[in-house]
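Close look at the chain arrangement
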Amino acid sequence: MNRKVLIAATLTLLIIFIVRWWIPTERVVRSVPALTNTDLDYTLTDFKSEFFNSDGVLEWVIESPKLTHDAQSRTARIESPLIEIDPTVSQWFASANEGYILRNEDELVLMGNVIIRQPVAEGEHIIQTERLHHHRRQRTISTDDEVEIQTPDAIIQAGGVSIDLNTQTMEFFDHVQGEIFMDHPSSDLTLSDDIRPRG
């Protein structure tokens, strides 16, 4: 048994060494959303990685100057991340001061000056907040912090928002207020259809 553990640990260290030192930084590392199942701490620098689900569908593209994995908490901290969420369907681009991949919860958390953008035909949707959660299995993006959303025809402030990536809808809650620009062409995200205040 000890020999198997030693061999597994050695192979893991070898893989990490290859990823860190031998793969050029401009190349993309293909992986699945669950990080390597290891009991070791490790650090990756200047990396860009594509994360696929078990069906081979691309779910995240993460670029960061530094990722630090803590084995005890099963958490990976990402510095100044640039992240593409759901690239093949809804295509959201996110940036923040820092991010965390929580392996136990299968969740991505962004913190500090969080900005996410989604291109649309008339321009883009821009969401700004201080903390954002992306639940991969539930396919939602949400925050309970104050948030401002800009669309081509509206600006909305709220105490939180939940985005369903399957239905491409936004639901606002807590002190929802905003401005709607009546003379702008209607975007594909309208208050009566896809933007729904709650509470």
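See the structure above.
Here we summarise the structure given alongside this text. Model, not experiment: these values are computed from the prediction. (Residues numbered from 1 in each chain as written. Predicted model: local features only at pLDDT ≥ 70, side-chain atom pairs only at ≥ 80, totals over all residues. Heavy atoms only, no water.)

1. Thoughts on the overall build of the chain
Of regular secondary structure, the chain possesses 1 helix and 16 strands. Burial analysis of the chain (199 residues in total) assigns 43% to the buried set. Within the chain, contacts between residues at least 6 apart in sequence are counted, and of these 38% link residues at least 24 apart. Here the chain has roughly 11,400 Å² of accessible surface; of this, 51% comes from carbon and sulfur atoms. (Helix = DSSP H or I, 4+ residues; strand = E, 2+ residues; numbered from the N terminus. Buried < 20%, exposed > 50% of the residue type's maximum accessible area, 1.4 Å probe, protein only. Contact = heavy atoms within 4.5 Å. Areas by Shrake-Rupley, 256 points an atom, 1.4 Å probe, with all protein chains shown as cover.)

2. Notes on the pairing of strand S7 (residues 98-102)
Of all 5 residues in S7, 4 are buried, a share of seventy percent or more. As defined by bridge partners, strand S4 (residues 75-79) adjoins S7 across 5 bridges and the pair is classed as antiparallel. Bridging across to S7, Ile78 finds its partner in Gly99. Note that S7 and strand S8 (residues 107-120) share 5 bridges and pair antiparallel. For Leu102, the partnering residue across the bridge sits in S8 and is Glu107. (Pairing = 2+ DSSP bridges.)

3. Things to note about the pattern of salt bridges
Scanning all chains against the criterion turns up 5 salt bridges. Where Arg136 meets Glu59, a salt bridge forms, and the shortest distance between an N and an O atom there is 2.9 Å. Of this pair, Arg136 sits in the loop between strand S9 (123-135) and strand S10 (140-143) while Glu59 sits in strand S3 (residues 58-70), and the two are 77 residues apart along the sequence. A relative accessible area of 11% means that Glu59 is categorised as buried. Here Arg117 makes a salt bridge to Glu124, at a shortest N to O gap of 2.8 Å. Classification of Arg117 by relative accessible area gives partly exposed; the value is 34%. (Salt bridge = Lys/Arg side-chain N within 4 Å of Asp/Glu carboxyl O.)

4. Details of the packing of aromatic side chains
Going through the model one piece at a time under the given rule, you end up with 1 aromatic pair. With a centroid separation of 5.6 Å and an interplanar angle of 55°, the aromatic rings of Phe51 and Trp60 are classed as tilted. Residue class for Phe51 comes out buried when judged on its relative accessible area of 2%. Residue Trp60 is classed as buried on the basis of its relative accessible area of 0%. (Phe/Tyr/Trp six-rings, centres within 6.5 Å; stacked < 30°, edge-to-face > 60°.)

5. Regarding the nonpolar core
Core analysis: the biggest nonpolar cluster contains 31 residues, and Trp92, Ile116 and Ile163 have the highest contact counts within it. Excluding residues that lie within four positions of it along the chain, Trp92 makes contacts with Ile83, Glu84, Ile85, Ile116, Arg117, Gln118, His125, Ile127, Ile141, Ile163, Leu165 and Met170. (Core = buried A, V, L, I, M, F, W, Y, C linked by side-chain atoms within 4.5 Å.)

6. Notes on the pairing of S8
Burial of S8 is extensive: 10 of the 14 residues sit out of reach of the surface. Relative to S8, strand S6 (residues 92-95) runs antiparallel, the two sharing 3 bridges. Counterpart to Phe93 in the pairing with S8 is Arg117. Pairing of S8 with S9 involves 12 bridges; the strand directions are antiparallel. The residue bridging Val120 from the neighbouring strand is Gly123, located in S9. Counted along the chain from S8 to the antiparallel partner S9, the turn is 2 residues long.

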